[in-house]
Amino acid sequence: MANLRLKAFFALFLISAATAVGDSPFIIAHKKASLTRLKSGAERVSVSIDIYNQGFSTAYDVSLVDHSWLQDAFDVISGNISQSWEKLDAGGVLSHSFELESKRQGMFYGAPAVITFRIPTKAAPQEAYSTSLLPLDILAEIPPEKKFDWRLLAKYGSQISVISIVALFIYLMVTPSKSSSLKASKKKR
């Protein structure tokens, strides 16, 4: 009987802890970047950060700061590296994007962006971090792409098609058809 009471108390404790945690915002942020090579030889970095509230209550005074872009390596072309919103409702999504231009060549390892928000039940602001970026190879030497050589198709196309037709004909002649094998099995009975 005591073991049953202990199990019931433990189950009640787990359920109450799960509902207490589920009553607050749960912030998830995804940071992604893409590189675009300009004709002038420069390279632009387009950064997009999506913030999701997967919790059951609203997050207030949401602010985003991304200080991973050094001023001596990047110029901000459009947008800001920081943004603030009044609130993020439960199940809501906020998006922020900005564009940078690189000043120098090399590998870049971006740190996560920091999201701060306030919960009405707690006095201290809460923090969440975005995903970090995969390493970006800024202004990398890109080898030229090997394109399909249409001259080979024009030169050898007719021979390839004749060989394919002959191979298909031989395959059809050598492979027995299903209907003839069924007739043969019926004759044996």
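You'll find the structure just up there.
This structure is a prediction, so every number in the text was calculated from the model and none was measured. (Residues numbered from 1 in each chain as written. Predicted model: local features only at pLDDT ≥ 70, side-chain atom pairs only at ≥ 80, totals over all residues. Heavy atoms only, no water.)

A.B. asks: Help me understand a nonpolar patch on the surface in this model?
C.D. replies: Side chains of Val 162, Val 166, Phe 169, Ile 170, Met 173 and Val 174 sit close together on the surface and give an oily, nonpolar patch of about 630 Å² of accessible area. Summarising the element assignment, Val 174 is placed in helix α2 (residues 150-174). Among the residues examined, Val 174 registers a relative accessible area of 65% and is labelled exposed. (Patch = residues over 30% accessible without salt bridge, like charges linked within 9 Å, V, L, I, M, F, W, Y side chains within 5 Å. Areas by Shrake-Rupley, 256 points an atom, 1.4 Å probe, with all protein chains shown as cover. Salt bridge = Lys/Arg side-chain N within 4 Å of Asp/Glu carboxyl O. Helix = DSSP H or I, 4+ residues; strand = E, 2+ residues; numbered from the N terminus. Buried < 20%, exposed > 50% of the residue type's maximum accessible area, 1.4 Å probe, protein only.)

A.B. asks: Would you take a moment to explain the nonpolar core for this structure?
C.D. replies: As a rule of thumb, nonpolar side chains are buried together in soluble globular proteins. The biggest cluster of nonpolar side chains holds 27 residues, and the ones touching the most others in it are Ile 27, Val 45, Ile 51, Val 62, Trp 69, Phe 74 and Ile 115. For this core, the secondary structure elements donating two or more residues are β1 (27-37), β2 (43-53), β3 (59-65), β5 (82-88), β6 (93-102), β8 (114-118) and β10 (136-138). Top element by residues in this core is β2. It accounts for four residues. Each residue touching Phe 74, except ones within four places of it in the same chain, is listed here: Val 45, Trp 69, Leu 100, Glu 101, Ser 102, Lys 103, Phe 108 and Ile 138. (Core = buried A, V, L, I, M, F, W, Y, C linked by side-chain atoms within 4.5 Å. Contact = heavy atoms within 4.5 Å.)

A.B. asks: How should the environment of Leu 38 be read in this particular structure?
C.D. replies: For Leu 38, the location among the structural elements is in the loop between β1 and β2. Since its relative accessible area comes to 28%, Leu 38 is described here as partly exposed. Each C-alpha atom of the pair Leu 38 and Glu 101 lies 10.0 Å from the other, and the pair is 63 residues apart in sequence. With sequence-adjacent residues up to four places away left out, Leu 38 is seen in contact with Arg 44 and Glu 101.

A.B. asks: What exactly am I supposed to notice about the sheet that holds β8 here?
C.D. replies: Paired through their backbone hydrogen bonds, the strands of a sheet run either parallel or antiparallel. The four strands lie next to each other as β5-β3-β8-β9, forming an open sheet whose pairing is antiparallel. Each end of this open sheet is capped by a strand with a single partner; those strands are β5 and β9 (126-129). In this sheet, adjacent strand axes meet at a mean angle of 20° when their direction is disregarded. As paired strands, β3 and β5 are joined by six bridges and run antiparallel to one another. Each residue of the ladder has a partner; that of Ala 59, found in β5, is Leu 88. (Pairing = 2+ DSSP bridges. Axes fitted to C-alpha atoms, helices over the stretch in contact; angles between N-to-C directions.)

A.B. asks: Even after reading the chapter, I still don't get the pairing of β8, so can you show me in this structure?
C.D. replies: Looking down a regular strand, the side chains alternate between one sheet face and the other. Side chains Ile 115 and Phe 117 project from β8 onto a buried face, and the interleaved Val 114, Thr 116 and Arg 118 project onto a face without burial. Relative to β8, β3 runs antiparallel, the two being bridged by four bridges. Paired with Val 65 across the bridge in β8 is Val 114. The sheet contact formed by β8 and β9 spans four bridges and is antiparallel. Within β9, the position partnered with Thr 116 by the bridge is Glu 127.

A.B. asks: Help me understand the pattern of salt bridges, please; the structure alone is not making it clear to me.
C.D. replies: Any two side chains of opposite charge can pair, given that their charged atoms come close. In the structure shown here, the tally under the stated rule is nine salt bridges. For Asp 50, the salt bridge goes to Lys 32, with nearest N and O atoms at 2.9 Å. Of this pair, Asp 50 sits in strand β2 while Lys 32 is found in strand β1, placing the two residues 18 residues apart along the sequence. Given the relative accessible area of 10%, Asp 50 is considered buried. Accessibility expressed as a relative area gives 36% for Lys 32, which makes it partly exposed. When salt bridges that share partners are traced, they join Arg 44, Glu 99 and Glu 101 into one network.

A.B. asks: What am I meant to see in the sheet that holds β6 here?
C.D. replies: Pairing is antiparallel across the open sheet formed by four strands, whose spatial order is β1-β2-β6-β4. Here the strands that pair on one side only, and so sit at the sheet edges, are β1 and β4 (74-78). Each strand axis lies, on average, 30° off the axis of its neighbour in the sheet, ignoring direction. One ladder, built from nine bridges, connects β2 with β6; its direction is antiparallel. The partner of Ile 51 across the bridge, within β6, is Leu 94.

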